[in-house]
Amino acid sequence: MDKETKGIFRKWLHIALGCVVTAAGLILLKHSHVVTGGTAGLSLSLSYLFQTKFHIVFLLLNIPFAVFAYHKIGRSFTFRTMAAISLLSALTSVDRLFSDFAIPALPGSIIGGAFIGVGICSLFKNGASLGGSTILALYMQKRYGLNPGKTNFAFDFIVVLTSFSAVSLDQGFISVLSIAVTSTILSFFKNRLNSVDRPQRNALPTTVTT
């Protein structure tokens with residue numbers, strides 16, 4: 001296996017692991033009856049409200065965002081994102097095989113939000129996302145240099161507000177805590193990348209023209 005093939009394999013492995021971690025976070029939130037942001041959170045809310053399957057709603061909601069990503073970010077990113085969305089949908093559907101269990105809302109929101117943040121960071125680092133607000137956050141970062149954690153929180157906060165009809169007021173506020181945890185991890189990830197990249201930029205040789 002040559003170096004390029006190893007790099008591609010490593011990238012897809014990290015994308016798959018990111019999906020596994022994110023799926024675990026979503027399952028924790030679901031059993032805590034807490035929602036999150038983005039299309040994942042909106043899908044959870046709709047699944048609560050209409051008693052539908054999360055993975056089907058999640059796939060349908062991401063179709064328009066996939067079209068946006070294809071035209072604004074690129075074909076490779078869109079392909080990796082759609083693969084990640086499909087894998088996440090398959091992983092979350094496994095939850096129906098488990099016996100029903102309940103998790104206290106507060107710890108469930110913190111741990112679930114942290115898992116989702118770590119999973120999304122893994123996807124971002126390897127040129128993919130989970131659709132919805134994560135696509136918009138990544139686009140706004142590349143186009144305007146905006147912090148993806150703050151952008152993601154703004155989008156997710158709106159989604160959580162719309163979910164108050166599906167969950168109680170207390171659970172809604174705890175859901176805000178969940179997206180705050182996720183967005184903090186995304187912001188930390190961006191700052192860490194910037195601190196790593198800065199010395200590399202300074203280390204670039206200067207071109208001397210004659």
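Residues numbered from 1 in each chain as written. Predicted model: local features only at pLDDT ≥ 70, side-chain atom pairs only at ≥ 80, totals over all residues. Heavy atoms only, no water.

Going by an unreviewed UniProt entry, the protein carries the name Putative 5xTM membrane YitT family protein and comes from Cohnella lupini. The UniProt entry for the protein carries this comment under Subcellular location (unreviewed entry): "Cell membrane". (UniProt positions renumbered as here; feature names shortened; annotations may be inferred.)

Draft legend 1. Molecular detail of the environment of Ser 122. Turning to its location among the elements, Ser 122 is positioned in helix H6 (residues 105-125). Placed 106 residues apart in sequence, Ser 122 and Ala 16 show a C-alpha to C-alpha distance of 9.1 Å. Excluding its chain neighbours within four sequence positions, the residues that come into contact with Ser 122 are His 14 and Gly 18. Among the polar contacts listed, one links the side chain of Ser 122 to the backbone oxygen of His 14, at a separation of 2.8 Å. (Helix = DSSP H or I, 4+ residues; strand = E, 2+ residues; numbered from the N terminus. Contact = heavy atoms within 4.5 Å. Polar contact = N/O pair within 3.5 Å; in protein donor to acceptor, adjacent residues only side chain to side chain.)

Draft legend 2. Region of the structure containing the environment of Phe 157. If you trace the backbone, Phe 157 turns up in helix H8 (residues 148-162). Residue class for Phe 157 comes out partly exposed when judged on its relative accessible area of 32%. A sequence separation of 121 residues divides Phe 157 from Thr 36, and the C-alpha atoms of the two residues are 8.7 Å apart. Those residues in contact with Phe 157 that lie beyond four places of it in its chain are Val 176 and Ile 179. (Buried < 20%, exposed > 50% of the residue type's maximum accessible area, 1.4 Å probe, protein only.)

Draft legend 3. Local environment of the UniProt feature "transmembrane region" (unreviewed entry) in the protein. Sequence positions flagged by UniProt for "transmembrane region" (unreviewed entry) are, in local numbering, residues 12-29, 49-70, 77-98, 110-139, 151-167 and 173-189. Structurally, residues 49-70 is divided into 82% helix and 0% strand, and its ends, taken at the C-alpha atoms, are 31 Å apart. Segment residues 173-189 splits into 100% helix and 0% strand. End C-alpha atoms: 25 Å apart.

Draft legend 4. Structural detail: helix H5 (residues 75-93). Given a rise of 1.5 Å per residue, 19 residues ought to cover 27 Å, and the 27 Å separating the end C-alpha atoms of H5 matches this to within 8%. Residues Phe 77, Thr 78, Arg 80, Thr 81, Ala 84, Ile 85, Leu 88, Ser 89, Thr 92 and Ser 93 constitute the buried set of H5. Residues of H5 that are buried make contact with helix H1 (3-31), helix H3 (54-61), helix H4 (63-72), H6 and helix H7 (133-144). (Expected span 1.5 Å × (residues − 1).)

Draft legend 5. How the structure looks around the pattern of salt bridges. All chains considered together, the criterion is met by one salt bridge. Between Asp 95 and Lys 30 there is a salt bridge, with the nearest N and O atoms lying 3.5 Å from each other. Residue Asp 95 is located in the loop between H5 and H6, and its partner Lys 30 is located in helix H1; the two are separated by 65 residues in the primary sequence. The exposure class of Asp 95 is buried, given its relative accessible area of 6%. (Salt bridge = Lys/Arg side-chain N within 4 Å of Asp/Glu carboxyl O.)

Draft legend 6. Representation of the nonpolar core in the model. Counting 33 residues, the largest nonpolar core has Leu 26 and Leu 123 as its most contacted members. Elements with a minimum of two residues in this core: H1, helix H2 (38-50), H3, H5, H6, H7 and helix H9 (169-202). The element that contributes the greatest number of residues to this core is H6, accounting for six residues. Dropping the residues within four chain positions of it, Leu 123 is found in contact with Ile 15, Cys 19, Ala 84, Ala 128, Ser 129 and Leu 130. (Core = buried A, V, L, I, M, F, W, Y, C linked by side-chain atoms within 4.5 Å.)

Draft legend 7. Inspection of unusual backbone geometry at higher detail. The phi angle at His 33 is positive, at roughly 55 degrees, despite the residue not being glycine. Its location among the elements puts His 33 in the loop between H1 and H2. On the basis of relative accessibility, which here comes to 29%, the residue His 33 falls in the partly exposed class.

Draft legend 8. Looking closely at a nonpolar patch on the surface. A cluster of nonpolar residues, Leu 106, Ile 110, Ile 111, Phe 115 and Leu 177, forms a patch on the protein surface that exposes about 400 Å² of accessible area. By secondary structure assignment, the location of Leu 177 is in helix H9. (Patch = residues over 30% accessible without salt bridge, like charges linked within 9 Å, V, L, I, M, F, W, Y side chains within 5 Å. Areas by Shrake-Rupley, 256 points an atom, 1.4 Å probe, with all protein chains shown as cover.)

Draft legend 9. Quick look at the packing of H7 against H8. Relative to each other, H7 and H8 sit at 140 degrees, their axes nearing to 9 Å. Considering the relative orientation of H7 and H8, their crossing is right-handed. Taking contact as the criterion, the partners of Ser 133, Thr 134, Leu 136, Ala 137, Met 140 and Gln 141 in H7 are, on H8, Pro 148, Thr 151, Asn 152, Phe 155 and Asp 156. Among the residues forming the contact of H7 with H8, the class breakdown is five nonpolar, five polar and one charged. (Axes fitted to C-alpha atoms, helices over the stretch in contact; angles between N-to-C directions. Left-handed = near helix turned anticlockwise from the far one by under 90°. Nonpolar A, V, L, I, M, F, W, Y, C, P; charged D, E, K, R; others polar.)

Draft legend 10. Region of the structure containing the environment of Ala 128. Secondary-structure assignment places Ala 128 in the loop between H6 and H7. Its relative accessible area of 0% is what places Ala 128 among the buried residues. For the pair formed by Ala 128 and Phe 77, sequence separation is 51 residues and the distance between their alpha carbons is 5.5 Å. Setting aside anything within four residues of it in sequence, one finds Ala 128 in contact with Ile 15, Phe 77, Arg 80, Thr 81 and Leu 123.

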